[in-house]
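Spelled out from the first residue to the last, the chains are:
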There are 2 protein chains.
Amino acid sequence: MTEPSMNGTGLHDFPYDQLEAFLDGELSPTLSGSYPVWEAARYSLLAGGKRVRPRLLFAAGALLGPLPKEALPFAAALEMVHTYSLIHDDLPSMDNDDYRRGRPACHIVYGEATAILAGDLLLNRAYELMIRIGRENPLPGVLRAMQVLGEAAGGEGMILGQDRDLALEEMPGERVDISDVLWMSELKTSCLIRAALLMGGCLATAGDGVMDQLALAGTAAGIAFQIKDDILDCVSNRDTLGKTPKKDQLAGKKTFVTMVGLEGATALLGQKASEVDDALDNLKAMACNTASLESLMRALLERKN
Amino acid sequence: MTEPSMNGTGLHDFPYDQLEAFLDGELSPTLSGSYPVWEAARYSLLAGGKRVRPRLLFAAGALLGPLPKEALPFAAALEMVHTYSLIHDDLPSMDNDDYRRGRPACHIVYGEATAILAGDLLLNRAYELMIRIGRENPLPGVLRAMQVLGEAAGGEGMILGQDRDLALEEMPGERVDISDVLWMSELKTSCLIRAALLMGGCLATAGDGVMDQLALAGTAAGIAFQIKDDILDCVSNRDTLGKTPKKDQLAGKKTFVTMVGLEGATALLGQKASEVDDALDNLKAMACNTASLESLMRALLERKN
């Protein structure tokens, strides 16, 4: 069950199997019977993703000492939000992607209507879960972590990123600037990556100084991951990446590679990676234990698929 | 701005204009610029619906005395969740409805992709709003009201109702029983109607006895409203109802009218209305001020369009 591509990164403290079991439990309705919307949600959520955002939450939560017990449910909620966004983004009217995480996309297996509902279910379930935890333990850090995820996922965050992605796709290439693609990536990818780090910080009741550096690291890392994705999408093939390659270029999508070429994208990736390093250095200077976060960031920025 | 069909129902205490202004404010992003997803969400949310669920929340909140100040934002969140469900239900892959609230449906005006995102935005915004209020004032009743809405809207509530609706539609008529349609309606309609009443109760810190009667009233009223809708859908025409009539029958949908005929549906409506009356009587016997709730229920059950 252990996720292969994250092995050997010094992250043996991430409870992968525990998270999978928790997600499985949260996606088991109390009602008996079999329902397409639940099957579809389970199909997409329990497809063995890399769980990047939960790992980031845990790594940030561990900066200041022992991990707060709310880390597991909040990491699960975060992964649900991420998975819902993938299901909806893959729909025919959106990015029209047939493959996801190495398998046919949710709407290919369950149909469009059920895929839309399954996304809705996962988004709603994430909030149900966090609200349940918040009711049990209404600490300021817990309620703040809920708010961080809510705002990052919303219409001024990730959802606006998808709106911008769709808008850029329809614009002629000469009217699109690299700054448009940077902003779109910041919304579409960085918002949730930054939220992962900030949620870990909230749950560990980090102070403003630490939270500021987590925000900087998350923003830069999100863009870096997106550039890395674009580069891999350009050079990989479907078998190793698990999604349809080179589709972006064909669909007129504006990616970092289509905007500034492979070389330009690689240079920008280096720049964003060094912004992440700066933030990690600043966290270390604030007596944070950055070992987990550092090795995780390195693994994510140097991955080959 | 006052919503016409609710006039003269003794509900002059419902702050219709205040709710509209609040919804408008919540749907105004802090970012400057114009974005399709925000325009689409505003188009659907600010279309002048009857605001039935907010009215029910207010009427239930007023049973025990002065209305708690959280009633307005929670009523707004509830209406956002309702509106998101309408946008997604109307999509071509779902119920494929071209009209809603007397106007072209969201996806007709803004396209499918933006309509899906606008629904996502509204659902997420509802939680952002409630979480903000919950952080400001983490009282047990406030957090409980959040949980009530979350569970009602989720995969064991409204979303499962839409899943059941889609499943019944594909089944041959002879395999569908009236109990299937009752359960589907309970999930798809009653869950949110009941949540409206229970949220009012939570915010007014009602005791278990009152909450039980609100749950009974909400469940019966939700089914009654659905039967009423089915009857009106059968006898009305598009101009007075604001949505495409008789489409349900053509699409093989299983409604109360297609299942037990107009007469049977009318009898069932009477039965559910009397269950609502019983619950109201019980609330009155518990010294609740039921005047608003009674006149609202009457208006809803006796409406002509």
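Structure's up top.
Before going into details, it helps to say that this report is about the structure given with it. What you see is a predicted model, and the numbers here were worked out from it, not measured in a lab.

1. Some details on the overall build of chain A
Now for step 1: When you go through chain A residue by residue, the secondary structure sums to 14 helices and two strands.
Now for step 2: Computed over the C-alpha atoms, the radius of gyration of chain A is 19 Å, within 12% of the 19 Å expected from 2.2 N^0.38 for a compact globule of 305 residues.
Now for step 3: Residues classed as buried in chain A amount to 54% of the 305 residues present.
Now for step 4: Look at the contacts in chain A between residues 6 or more apart in sequence, and 73% of them connect residues 24 or more apart.

2. Describing helix H2 (residues 36-45) of chain A
Now for step 1: Judged by how many residues are buried, H2 of chain A sits mostly within the fold: seven of ten residues are covered.
Now for step 2: Looking only at H2 of chain A, the buried set comprises Val37, Trp38, Ala40, Ala41, Tyr43, Ser44 and Leu45 of chain A.

3. Considering the relation of the copies chain B and chain A
Now for step 1: Turning chain B through 180° and shifting it by 0.0 Å along the axis lays it on chain A, with an RMSD of 0.0 Å. The two molecules are tied by a two-fold rotation axis, judged by turn and shift.
Now for step 2: When the interface residues of chain B are mapped onto chain A, 100% of them again fall at the interface, so both copies present the same face.

4. A closer look at the nonpolar core
Now for step 1: One finds Ala118, Leu149 and Met199 of chain A together with Ala118, Leu149 and Met199 of chain B to be the most contacted residues of the largest nonpolar core, which totals 208 residues.
Now for step 2: What Ala118 of chain B contacts, discounting residues up to four positions off in sequence, is Val37, Ala40, Ala41, Ser44, Ile87, Cys106 and Tyr110 of chain B.

5. A closer look at the interface of chain B and chain A
Now for step 1: Contact with chain B, which involves 43 residues of that partner, is made by 43 residues of chain A.
Now for step 2: Of all the secondary-structure elements, those providing two or more residues to the side of chain B that touches chain A are helix H2 (36-45), helix H6 (112-136), helix H7 (140-153) and helix H8 (158-170) of chain B.
Now for step 3: The biggest single contributor to the side of chain B that touches chain A is H6 of chain B, with 15 residues.
Now for step 4: Class assignment for the residues of the side of chain B that touches chain A results in 23 nonpolar, ten polar and ten charged.

Rules behind the numbers
Residue numbers here run from 1 along each chain, matching the order of that chain's written sequence. Key to labels: chains lettered from A, ligands numbered from 1, both in the order written. Residues qualify for local features only when their pLDDT is at least 70, as the model is predicted, and side-chain atom pairs are given and counted only at 80 or more; totals for whole chains, interfaces and linings, by contrast, use all residues. Counting from the N terminus, the helices are the DSSP runs of H or I reaching at least four residues and the strands are the DSSP runs of E reaching at least two. Note that the radius of gyration is over C-alpha atoms, with the globule rule given as 2.2 Å times the number of residues to the power 0.38. Our exposure labels follow a C-beta count within 10 Å of each residue's own C-beta, placed from the backbone: buried means 20 or more other C-beta atoms, exposed means 12 or fewer, and partly exposed covers the counts in between. Note that contacts rest on C-beta atoms placed from the backbone: two residues are in contact if these are within 7 Å. Least squares is used to superpose the copies, and the fit set is the C-alpha atoms of residues whose pLDDT is at least 70 in both copies. The term nonpolar core means buried Ala, Val, Leu, Ile, Met, Phe, Trp, Tyr and Cys residues held together as one set by C-beta atoms within 7 Å. For this classification, Asp, Glu, Lys and Arg are treated as charged, while Ala, Val, Leu, Ile, Met, Phe, Trp, Tyr, Cys and Pro are nonpolar and the rest, including Gly, are polar.

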